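For reference, the chains in residue letters:
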Amino acid sequence: MSFLDRLGRIAVAAPFVWLGAEAAADPGIRVKMAVDLGIPEALADKAVRFNGAAMVAGGLGVATGILPRAAALGLVGSMVPTTLAGHAFWKDTDPMARKMNRIHLLKNVGLVGAALVVAATVGRRSAAED
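Keep in mind that this is a model prediction, so the values were computed, not measured.

Criteria and cut-off values
- Residues numbered from 1 in each chain as written.
- Predicted model: local features only at pLDDT ≥ 70, side-chain atom pairs only at ≥ 80, totals over all residues.
- Heavy atoms only, no water.
- Helix = DSSP H or I, 4+ residues; strand = E, 2+ residues; numbered from the N terminus.
- Buried < 20%, exposed > 50% of the residue type's maximum accessible area, 1.4 Å probe, protein only.
- Expected span 1.5 Å × (residues − 1).
- Bend = angle between axes of the 7 residues up to and from the residue.
- Contact = heavy atoms within 4.5 Å.
- Phe/Tyr/Trp six-rings, centres within 6.5 Å; stacked < 30°, edge-to-face > 60°.
- Lys NZ or Arg CZ within 6 Å of the ring centre and 35° of its normal.
- Axes fitted to C-alpha atoms, helices over the stretch in contact; angles between N-to-C directions.
- Parallel < 35°, antiparallel > 145°, perpendicular 65-115°, else oblique.
- Left-handed = near helix turned anticlockwise from the far one by under 90°.
- Core = buried A, V, L, I, M, F, W, Y, C linked by side-chain atoms within 4.5 Å.

(A) View of the overall build of the protein. Scanning the protein for helices and strands turns up 5 helices and 0 strands. Secondary structure elements of the protein occur, N-terminal to C-terminal, as α-α-α-α-α. Seen along its three principal axes, the alpha-carbon backbone of the protein occupies a region of about 55 × 30 × 20 Å. For the protein, the proportion of its 130 residues judged to be buried stands at 30%.

(B) View of helix α1 (residues 3-25). Relative to the 33 Å expected for 23 residues at 1.5 Å per residue, α1 spans 32 Å between its end C-alpha atoms, a close match to the ideal helical length. At Ala13, α1 is bent by approximately 35 degrees, the largest bend along its length, and proline Pro15 sits one to four residues beyond. Those residues of α1 not exposed but buried are Arg9, Val12, Ala13, Phe16, Gly20 and Ala23. Looking at the buried residues of α1, the elements they touch are α2 (30-37), α3 (41-64), α4 (68-86) and α5 (95-121).

(C) Just the packing of aromatic side chains, in detail. Scanning the entire structure with this criterion turns up 1 aromatic pair. Taken together, a centroid distance of 5.3 Å and an interplanar angle of 75 degrees make the contact between Phe89 and Trp90 edge-to-face. By relative accessible area, Trp90 is classed as partly exposed at 44%. The positively charged end of Arg102 is found above the aromatic ring belonging to Phe89, 6.0 Å away from the centroid.

(D) Representation of the packing of α1 against α5. One can describe the packing of α1 onto α5 by two numbers: an axis separation of 10 Å at closest approach and a directional angle of 135 degrees. When the interaxial angle is binned, α1 and α5 end up oblique. Note that α1 runs across α5; the crossing there is left-handed. When α1 is examined against α5, the residues Arg9, Val12, Pro15 and Phe16 are found in contact with a partner set consisting of Leu111, Ala114, Ala115 and Val118.

(E) Spatial organisation of the nonpolar core. Phe16, Met55, Val62, Ala72, Leu75 and Met79 are the most contacted members of the largest nonpolar core, which has 15 residues in total. When residues of this core are traced back to their parent elements, those giving at least two are α1, α3, α4 and α5. Tallying contributions element by element places α4 first for this core, with 5 residues. With residues up to four places along the chain from it excluded, the contact list for Met55 reads Phe16, Val17, Gly20, Leu75, Ser78, Met79 and Thr82. Among the nonpolar cores identified, the runner-up in size contains 5 residues, and Ala23, Val31, Ala34 and Val48 belong to it.

This is how it looks when you write it as structure tokens:
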């Protein structure tokens with residue numbers, strides 16, 4: 001793995017590890033968001049904690065190169081409910097909240113794109129390595 005590849009993977013992984021650990025340790029308001037998304041109230045706390053732990057595991061897999069394709073695809077899967085529950089800007093009536101949620105949704109789209117690039121390029125050799 002090249003220096004840039006390693007650096008890029010660590011950068012992609014960092015928000016997943018950090019924010020996933022926060023969600024797993026203290027689900028907080030995320031539980032209500034999960035319920036609003038349709039997760040049964042009795043399962044919402046566990047679902048948020050599981051999703052957070054999955055983000056930590058996926059982020060660590062991407063950063064370390066341990067099962068990186070599976071880790072990256074797992075991160076993509078974890079981002080769908082996270083983004084729909086947390087950043088549904090189209091539901092906001094306050095213009096500032098709408099703008100902030102739109103920014104966060106687009107940031108999440110970028111993270112998903114980066115994870116897809118990791119998944120797509122695992123095992124490929126770069127032109128510089130040829």
